[in-house]
Amino acid sequence: MTERDMVGSTARSIGRRLALALLGGTMLAGMPAPLLAQGQDDQPGDFAPATLQQQNVIRSIAVIGAQRLEPQTILSYIRLRVGDPYTQAAADQALKDLYATELFTNATVRNDSGNVVIEVAENPVVNRIILEGNQRLKSDKILPEIKLAARQIFTRSKVRADTARIIELYKRQGRFAATVEPKTVQLSQNRVDIVYEITEGPKSKVRQINIIGNEKFSDGELRGEMVTKQARFTRFFSSNTSYDPDRLAFDQQKLRQFYLTEGYADFRVVSAVAELTPDKRDFIITYVVEEGERYEFGDVAVDSQLRDFDSAGMTSQLPMNNGDFYNAKLVEDTVEQLTELAGTFGYAFADVQPQFSRNKEDLTMDVTFLLREAPRVYVERTDVNGNTLTQDKVVRREFRLAEGDAFNSLNVKRSSNRIKSLGYFQENFEIEQKEGSAPDRIVLEANIEEQPTGELQLSAGFSSIESFILSGSIRQRNFRGRGQTIGVGVNYSRFSRSFNLSFTEPYVFDRNISAGIDVYRRDFDNFGFSNANRRNSYEQATTGFSARIGVPLTEFISAVGSYTLNFDDISLGSRFFSDRDGDGVSTCDPVVAGRFLCDVIGKRTTSLLGLTVSYDSLNSRLRPTRGESLSVTTEFAGLGGSVKYLRLRTRGAKYWPVLGNFIFSVSAEGGAIKGLENRDGAGIDDVRLNDRFFLGEPQFRGFDIRGVGPRVLRQPIINDGNGNPQVVTDRERVADDALGGTAYYFGRAELEIPLGSGAQELGLRPSIFLDVGALFNVTSPVLQQSPFPTGIQDQARNANGELLFIDPNDANMTTTDPTDGMGNANAPVLFQVAQPFQEVFLGDSASPRVSVGIGVNWNSPFGPFRVDFAHVLRRQPGDDIKKFTFNVGTQF
């Protein structure tokens, strides 16, 4: 084509376009845009591009392969629409959008002449989650951390995230070598089981803790301040020897607190690095520290903006003085004490700010405690949340503050302690304080978590006191959510059997008056020792009931009155009876039993009135750590019945934390009983044996049961081989009968030692103790003796102690005349004595007995367990010692 032809063609084309434009907007609007673009000239190939463009326009979109999802739902995930041009970039973006939903394992997009087909394969549905290989971490600990659950859509990203979470759980347990391999098991209907195969590996311990830069304190002192401990054989039960990154950060804070307490205000931890050993079993931790200089307190003062507080007076009461070494812990405690003091005056939101001024030249720290101005606060309301069984009133009646009362922090703390002492809720319960509707209003919230209060116990155990023990009881301490206590118990052992039914209402008719009743039956076998064997000395069966009613006198003082009616039946074994007077009637034989046992037999009724006045400020009745208690009980038996006496008892205890988490306690008790009956007779005490006090195991550790106090030892007399008598004093071969006493005292000092979290989870609570006490004051009994060598036989006596002889006129009758009418001697009435013996009376002394030792309480899976090892430092003749004792399955 020549240049002229090209010009002509162009001119014709332009002419045609102008002509078309002149035809009007209707025709132009009706022509497709591609056709307009293609009609540029008259050449035969001008319409080929138009056909290609029409193929790139999306005419329809179809979805195939969907099973659970609707096609319209799938189309909503992509940006392709009918009428839009189809490009490869748009198709790629559609695939990215589909895969981003994590709902599909496969997806394709193809174009068939404008008909777009999207083919998808949906991800399977999770049928179940299976854990394999987890032994140290139970499934109930792992499954809550797994976000993927049954009936959810399976995605690889979720499985990876869950795998990482499981590994992180094991790292927190100190198992850094743990691995988790997820696998899928294909099922029908596009379902899968997800199996996490876990290899737990060994627990990573802390092999060594290195400290660099410390000059003022040794490595051992600083390691003692840390929670993390080096793995050693002696720390077998401790969980703090495993590596934990969170604990590593906490230890850095502990180091800083220690140095700040010692006055090193510029102390800092430069670095803390934990290195895994090549075998991936242990960690080596290295701290680099800068101690800095030691500071002293400079000027210390209180600047109070509260009108009820005198700044000068409060400054004089501060625990730190100018020149003392700086102690950050003392500053924190002072802030807490000032805040609590302000709270007692009604300033609930008092702001106490310590302001520091550091003087690096003379190494002093000036501290000013600023009490900012705050309004007095009143209780707007009290809320109780979280109780599903317990009624609101059970919690509210323990509040020491009512709506509208002036706020008092001491009363808030007392309310918290009273609610905790109920034993219905979590141990760490505290009343929360929240701002009310106005600046001078406060809301007190009791956010409680109810704990099980029903107790069903079926146990069998062994006690060094009572051999085998069987017991069963049902007890509900929060009956019907009203705070009532009801219980039934049965116990059986070799020497005791009992049944009791009890009910207690702490608030009668919603008034601050308590009432309760107990109905019981107790069978008790008293025993002594002979040839190292227990032998029953008397049997006591008691049936009765006790009713009580209590009223508070003040916040901490209460009075409880009681009435008890007992029916006692005391008997001796047949071996204690003989027909010594030959009248065919067996009576209690004082030679065999002793007059102190013959005195107790019979049936009696005891009608007992009691009054107890007690003071109690313990922070918990279940396991106190702070506070004191004191009680005085007076009992009078004689309002009817056949037993008359007056008994007085007093008890006291005090607890307080020392040396951090150690709990130190001291307790003391004592009692005396006065018989109101004039029981004439040699060696007969006005108080019967079964009404006296006894002291020994388990109360007095280091001594056997009833091992302290007055007793009669029946010592055998044997032939020494030369025809001479020899008294046996070996306690293993001596019969031991404890007589009890009419007065006693007992005291104890005990230090409970805190253990690591691992031992605490096991319920272990070791302690060291010192026990002091004595039992005394009883009428000396008439001692029996069978002489040697005629001890094989002895002459019988009547009830008045007169010797009996055979009547010469009738051999079946007896007489007290030693001769007949002719002056001839009558034959004595003889009876067999098993063994010649002599009795000695020992132990009636108020001199203190002292023992020291160690003990461990363990709340074991099969019941409470207590073991004690005691050494007696001071004893009296006749006392029966016992170094090692334990009890399983009984309360102590």
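In the block above lies the structure referred to throughout.
Residues numbered from 1 in each chain as written. Predicted model: local features only at pLDDT ≥ 70, side-chain atom pairs only at ≥ 80, totals over all residues. Heavy atoms only, no water.

Novice: Where do I start with the overall build of the chain in this structure?
Specialist: Per the secondary structure count, the chain includes 17 helices and 42 strands. A buried classification covers 39% of the 892 residues belonging to the chain. When contacts within the chain are restricted to residue pairs at least 6 apart in sequence, long-range pairs at least 24 apart make up 60% of them. (Helix = DSSP H or I, 4+ residues; strand = E, 2+ residues; numbered from the N terminus. Buried < 20%, exposed > 50% of the residue type's maximum accessible area, 1.4 Å probe, protein only. Contact = heavy atoms within 4.5 Å.)

Novice: Would you explain the packing of aromatic side chains in this entry?
Specialist: Note on aromatic pairs: each is described by the distance of the centres and the angle between the planes. Across all of its chains, the model carries 19 aromatic pairs by this definition. With a centroid separation of 5.1 Å and an interplanar angle of 45°, the aromatic rings of Phe-176 and Tyr-243 are classed as tilted. Of this pair, Phe-176 sits in the loop between helix 8 (156–172) and strand 5 (179–187) while Tyr-243 sits in the loop between helix 9 (219–225) and helix 10 (245–261), placing them 67 residues apart in sequence. The exposure class of Tyr-243 is buried, given its relative accessible area of 8%. Among the aromatic residues, those joined into a ring-pair cluster are Phe-217, Phe-258, Tyr-259, Tyr-264 and Phe-267. Positioned over the ring face of Tyr-295 is Arg-358, at 5.8 Å from the centre of the ring. (Phe/Tyr/Trp six-rings, centres within 6.5 Å; stacked < 30°, edge-to-face > 60°. Lys NZ or Arg CZ within 6 Å of the ring centre and 35° of its normal.)

Novice: Sorry if this is basic, but what is going on with the nonpolar core here?
Specialist: Taken as a class, soluble globular proteins show a tendency for nonpolar side chains to be buried jointly. Counting 25 residues, the largest nonpolar core has Phe-297, Leu-306, Met-320, Tyr-326, Phe-369 and Leu-371 as the members making the most contacts within it. In this view, Met-320 contacts Phe-297, Val-300, Leu-330, Val-331, Thr-334 and Phe-369; residues no more than four positions away in its chain are not counted. In terms of nonpolar packing, the next biggest core, distinct from the first, is built from 20 residues, Val-379, Val-412, Leu-422 and Leu-444 among them. (Core = buried A, V, L, I, M, F, W, Y, C linked by side-chain atoms within 4.5 Å.)

Novice: Help me out: how do you make sense of the pattern of salt bridges in this one?
Specialist: Pairing of side chains with opposite charge becomes possible as their charged atoms draw close. This structure, assessed with the given rule, holds 40 salt bridges. Note that Asp-282 and Arg-207 form a salt bridge whose closest N and O atoms lie 2.9 Å from each other. With a gap of 75 residues between them, Asp-282 in strand 9 (residues 282–290) and Arg-207 in strand 7 (residues 205–212) connect regions that are remote in the sequence. Judged by relative accessible area, Arg-207 falls into the partly exposed class, the value being 37%. A salt bridge links Asp-383 to Arg-381; the shortest N-O distance between them is 3.1 Å. Through salt bridges with shared partners, one network takes in Glu-398, Arg-400, Arg-414, Arg-418 and Glu-555. (Salt bridge = Lys/Arg side-chain N within 4 Å of Asp/Glu carboxyl O.)

Novice: Would you take a moment to explain the environment of Ile-167 for this structure?
Specialist: Considering the arrangement of structural elements, one finds Ile-167 in helix 8. The class for Ile-167 is partly exposed, based on a relative accessible area of 24%. Note: C-alpha distance between Ile-167 and Ala-177 (ten residues apart in sequence) is 9.1 Å. Once you skip the residues sitting within four places of it in the chain, Ile-167 turns out to touch Ala-178 and Val-180.

Novice: Any chance you could explain a nonpolar patch on the surface here in plain terms?
Specialist: On the surface, Val-551, Leu-553, Phe-556, Ile-557, Leu-611, Val-613, Tyr-615 and Leu-630 cluster together to form a nonpolar patch covering roughly 620 Å² of accessible area. Counting residues per element, the nonpolar patch draws most heavily on strand 25 (residues 602–616), which supplies three residues. (Patch = residues over 30% accessible without salt bridge, like charges linked within 9 Å, V, L, I, M, F, W, Y side chains within 5 Å. Areas by Shrake-Rupley, 256 points an atom, 1.4 Å probe, with all protein chains shown as cover.)

Novice: Quick question: what am I supposed to make of a negative patch on the surface here?
Specialist: On the surface, a cluster of negative charge is contributed by Glu-296, Asp-324, Glu-361 and Asp-362. Among the secondary structure elements, Asp-324 is positioned in the loop between helix 11 (311–316) and helix 12 (328–344). Judged by its relative accessible area of 31%, Asp-324 falls in the partly exposed class. (Lys, Arg positive; Asp, Glu negative; His and termini not counted. Charge placed at Lys NZ, Arg CZ, Asp CG, Glu CD.)

Novice: What is the right way to look at the side chain of Thr-286 in this model?
Specialist: Mapped onto the elements of the fold, Thr-286 is located in strand 9. In this structure Thr-286 comes out as buried when scored by relative accessible area, which is 19%. Look past the residues within four positions of Thr-286 in its chain and what remains in contact with it is Asn-210, Ile-212, Ser-271, Ala-272 and Val-273.

Novice: Could you clarify how one ought to interpret unusual backbone geometry in this entry?
Specialist: For residues that are not glycine, phi is negative in most cases, and the peptide bond is trans in most cases. Omega for the bond connecting Glu-697 with Pro-698 falls within 30 degrees of zero, at 0°, which places this linkage in the cis form. With respect to the helices and strands, the residue Pro-698 is situated in the loop between strand 28 (662–675) and strand 29 (711–719). Despite not being glycine, Leu-363 shows a phi value in the positive range, around 55°. Examined against the element boundaries, Leu-363 turns out to sit in the loop between strand 11 (352–359) and strand 12 (364–371). The residue Phe-509 is not glycine, and still its phi comes out positive at about 50°. Among the structural elements, Phe-509 can be located in the loop between strand 19 (496–505) and strand 20 (514–530).

Novice: I tried to follow the sheet that holds strand 15 (residues 441–447) on my own but got confused; where do I start?
Specialist: Sheet strands associate in pairs through backbone hydrogen bonding, adopting either a parallel or an antiparallel arrangement. Taken together, the three strands give an open sheet; going across it, the order is 13-15-14, and neighbouring strands pair in mixed fashion. Edge strands, defined here as strands with exactly one partner in the open sheet, are strand 13 (378–385) and strand 14 (432–435). Direction aside, neighbouring strands of the sheet carry axes that sit 25° apart on average. Sheet topology note: the strand 13/strand 15 ladder contains seven bridges and is parallel. Across the sheet, the residue bridging to Thr-382 is Leu-444, located in strand 15. (Pairing = 2+ DSSP bridges. Axes fitted to C-alpha atoms, helices over the stretch in contact; angles between N-to-C directions.)

Geometry only, nothing functional implied.
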